[in-house]
Amino acid sequence: MSDRQDREFDIVLWGATGFAGRLVAEYFAAHYGEDELRWALGGRNRAKLEVVRDELMHEFGQAAKVPLVIADATDRPSLDEMAERTRVVCTTVGPYDKYGSKLVAACVDKQTDYCDLTGEVHWIREMIDAHHDQARENKTRIVNCCGFDSIPSDLGTLMVQDFAKREFGAPCRENKMFLMGAKGGFSGGTLDSMSNLMERLGKEPELRRVVGHPYSLNPEGEQTGPDGSTQTSVSHDKKADLWTAPFIMARINEKIVRRSNAVLGYPYGRDFSYEETTSTGKGVTGALRAAGLTAGLGAFAGLMALTPTRNLLRKYVLPSPGEGPSREAIESGFFRVKHLGRGISETGESFEVEATIAADSDPGYGATALMLAESALCLAFDECDDCTEGGILTPASAMGMALVDRLSDAGMTMEVGRR
Ligand SMILES: NC(=O)c1ccc[n+]([C@@H]2O[C@H](COP(=O)([O-])OP(=O)(O)OC[C@H]3O[C@@H](n4cnc5c(N)ncnc54)[C@H](OP(=O)(O)O)[C@@H]3O)[C@@H](O)[C@H]2O)c1
């Protein structure tokens, strides 16, 4: 096996023909010249990849004339070969439960760092069980959830705790993330991943424990803590004086933040509590908005849970694989989340820390492409002293403050301070 530094590519972007992959390819082509980054477009279909490359060259010039790497999710030797040629595989081939397992195995065997956009909790658990020990031993970083789920959650918490320790000498005992505002759409690939999860839950009810248990991504024997289940109804947060509704991504994000704390050796404390919610504002308007949003989410979840209505929605209403929001919709999208951490300082006083993470682009696509691309670059080029060297990891545990700095340099709002 070649030394990692000597490999042909820094990054292979696998899934470049898909909706999210294409956006990540544009990000690399727009921001990195030929001499700055050795990257390749990966996928299963050469003709489709050539079309993507031609379009990139048309838009971004000769620097986008990058090599093509062919690998199919069903063909393990092709995945081994791809993994051996690069230092990092950045993958947008999903649903990951369907197409991702052999790639993770190949990357761990070939000691190739990896990042993805999965939000499939049950699949992450399967990868932890199958590969965490080997990846830890051979120092390979397999990093899940490098998009809107779960970077704002995981890095926001890291920023709050980093600040608390520097300013107050102790980490926050609790942190809560509020989605303050967002505008964005869905792609067919994301809906495919949701449908796939619903189908598996229907056939394998035991997976419900993994999806529902607050600590199911923690190591075996460490699946306890102060947190209960994710918010499912309207609530009023007294400390922030805000009405809140459930946040659709909380089920995955909360578990990722708890896993970060666990794999880093509990720097936030063993009793650290973390939750997420959607702020709908103050007063009667806030309460009414919370009720409307909760009802809408409940109806969508109900329709997606039943096979006949799910199939009807997918056929007539929702985008198909390969489709997603228009360019204008992506560019006019945005998101803003706020973290509110609380703790007791080393001198015994209560303190509060607030962090804001925001971006001026559709959270699941424009901003996600930026976050995934910068994660791949961070894995390829940055040092992180406080990070975990190998395993099935999270953004905070694998890349830490190095990724915070990168995202800030790339134009995202990443702010933290006293409240
Ligand atoms: N976390 C987040 O914030 C976030 C945001 C956006 C998307 N996502 C996730 O990202 C994933 C991709 O979404 P998307 O909308 O980009 O999906 P998509 O447009 O359907 O793209 C899927 C990609 O997978 C490739 N593929 C399918 N089968 C393959 C196989 N056997 N071997 C190799 N490649 C194969 C497709 O290649 P062909 O073109 O050759 O068919 C295509 O490039 C989904 O899992 C979605 O949930 C997450």
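As recorded by an unreviewed UniProt entry, the protein chain carries the name Saccharopine dehydrogenase NADP binding domain-containing protein and is attributed to Persicimonas caeni.

1. Overview of the site of the ligand
Taken together, 29 residues lie around the ligand, and T17, A20, R44, K48 and S187 are the ones closest in. L117 is positioned with one of its backbone polar atoms (N or O) 3.1 Å from a nitrogen atom of the ligand. In the model, a nitrogen atom of the ligand is placed 2.7 Å from a nitrogen or oxygen of the D149 side chain. Alone, the ligand offers 930 Å² of accessible surface; in the complex the protein occludes 92% of this. Secondary-structure elements contributing two or more residues to the shell around the ligand are α1 (19-31), α4 (96-99) and α8 (188-203). At three residues, the largest contribution of residues to the shell around the ligand is made by α8. Class assignment of the residues belonging to the shell around the ligand gives a composition of 13 nonpolar, twelve polar and four charged. Of the domains in this structure, domain 1 (4-143) and domain 2 (151-364 + 411-418) are the two that each give at least three residues to the shell around the ligand.

2. As for the nonpolar core
Of all hydrophobic cores here, the largest spans 101 residues; its most connected members are I11, F28, W39 and L41. Here this core takes eleven residues from helix α14 (residues 366-381), the largest share from any one element. Dropping the residues within four chain positions of it, I11 is found in contact with F28, L37, R38, W39, A40, T86, V88, C90, A376, L377 and A380. One finds V160, C172, F351 and V353 within the second-largest nonpolar core, a separate group that totals eight residues.

3. Focus: the sheet that holds strand β10 (residues 273-281)
Sheet architecture is open: seven strands sit in the order β8-β9-β10-β7-β11-β12-β14, paired in mixed fashion. The outermost strands of the open sheet, each flanked by one partner alone, are β8 (235-237) and β14 (413-418). Recorded for the sheet is a direction-independent mean angle of 30 degrees between the axes of neighbouring strands. Pairing geometry for strand β11 (residues 334-344) and strand β12 (residues 350-359), over ten bridges, is antiparallel. Residue pairing for β12: L340 is matched across the bridge by E354.

4. Some points on the side chain of R259
Relative to the helices and strands, R259 resides in helix α10 (residues 250-263). D129 is the oppositely charged side chain nearest to the buried, salt-bridge-free R259, at an N-O distance of 7.9 Å. Polar side-chain contacts of R259 include one of 3.4 Å to the side chain of H132. Dropping the residues within four chain positions of it, R259 is found in contact with I128, H132, L217, N218, P219, I392 and T394.

5. Re the layout of surface pockets
Approximately 530 Å³ is the volume found for the second largest pocket. As for the second largest pocket, its lining consists of 26 residues, of which L23, I330, S361, G366 and A369 are closest to the centre. Those elements that provide at least two residues to the lining of the second largest pocket are α1, α13 (327-332) and α14. Broken down by element, the residue count for the lining of the second largest pocket peaks at seven residues, all from α1. In the lining of the second largest pocket, the residues fall into 13 nonpolar, eight polar and five charged.

6. Observations concerning the pattern of salt bridges
A full pass over the atoms with the stated rule returns 33 salt bridges. Its salt-bridge partner being D129, residue R125 comes within 2.8 Å of it at the nearest N-O pair. Taken as a pair, R125 and D129 lie in helix α6 (residues 121-137) at a separation of four residues, close to a single helical turn.

Here is what the cut-offs are and how they apply
- Numbers given for residues are sequential positions, taken from 1 along each chain in its written order.
- pLDDT decides what is reported in this predicted model: residues at 70 or higher carry local features, side-chain atom pairs at 80 or more are listed and counted, and totals for whole chains, interfaces and linings draw on all residues regardless.
- As a rule here, side-chain values cover all heavy atoms of the structure and leave hydrogens and water aside.
- In these notes, residues near a molecule or strand are those with any non-hydrogen atom within 4 Å of it.
- Think of a polar contact as two N or O atoms within 3.5 Å of one another; within protein, one of them needs to be a possible hydrogen donor and the other a possible acceptor, and neighboring residues in sequence only count if both atoms come from side chains.
- Note that accessible areas follow from Shrake-Rupley with a 1.4 Å probe, and for residues the cover is restricted to the protein chains shown.
- Helix numbers and strand numbers start at the N terminus; a helix is a DSSP run of H or I with at least 4 residues, a strand a run of E with at least 2.
- Amino acid classes used here: Ala, Val, Leu, Ile, Met, Phe, Trp, Tyr, Cys and Pro are nonpolar; Asp, Glu, Lys and Arg are charged; the rest, including Gly, are polar.
- These domain boundaries are the output of an automatic or database domain assignment.
- The term nonpolar core refers to a set of buried residues drawn from Ala, Val, Leu, Ile, Met, Phe, Trp, Tyr and Cys, joined through side-chain atoms within 4.5 Å.
- Buried, partly exposed and exposed residues are distinguished by accessible area as a fraction of the type maximum, computed with a 1.4 Å probe on protein chains only: under 20%, between the cut-offs, and over 50%, respectively.
- Any two residues having at least one pair of non-hydrogen atoms within 4.5 Å are treated as being in contact.
- What makes two strands pair is DSSP finding at least two bridges between them.
- Helix axes use the C-alpha atoms of the stretch in contact, all axes being lines fitted to C-alpha atoms, and the angles between their N-to-C directions lie in the range 0 to 180 degrees.
- Two residue types count as positive, namely Lys and Arg, and two as negative, namely Asp and Glu; His and chain ends fall outside the count.
- One speaks of a salt bridge when a side-chain nitrogen belonging to Lys or Arg is within 4 Å of a carboxyl oxygen belonging to Asp or Glu.
- Only protein atoms enter the 1 Å grid used here, on which a cavity is any set of points holding a 1.4 Å probe that cannot leave and a pocket is any open set flanked by protein within 12 Å on both sides along at least five of seven lines; residues with an atom within 4 Å of a point are listed as lining.
- Grid points are joined across faces, edges and corners, and a volume is the space filled by probe spheres set on the points.

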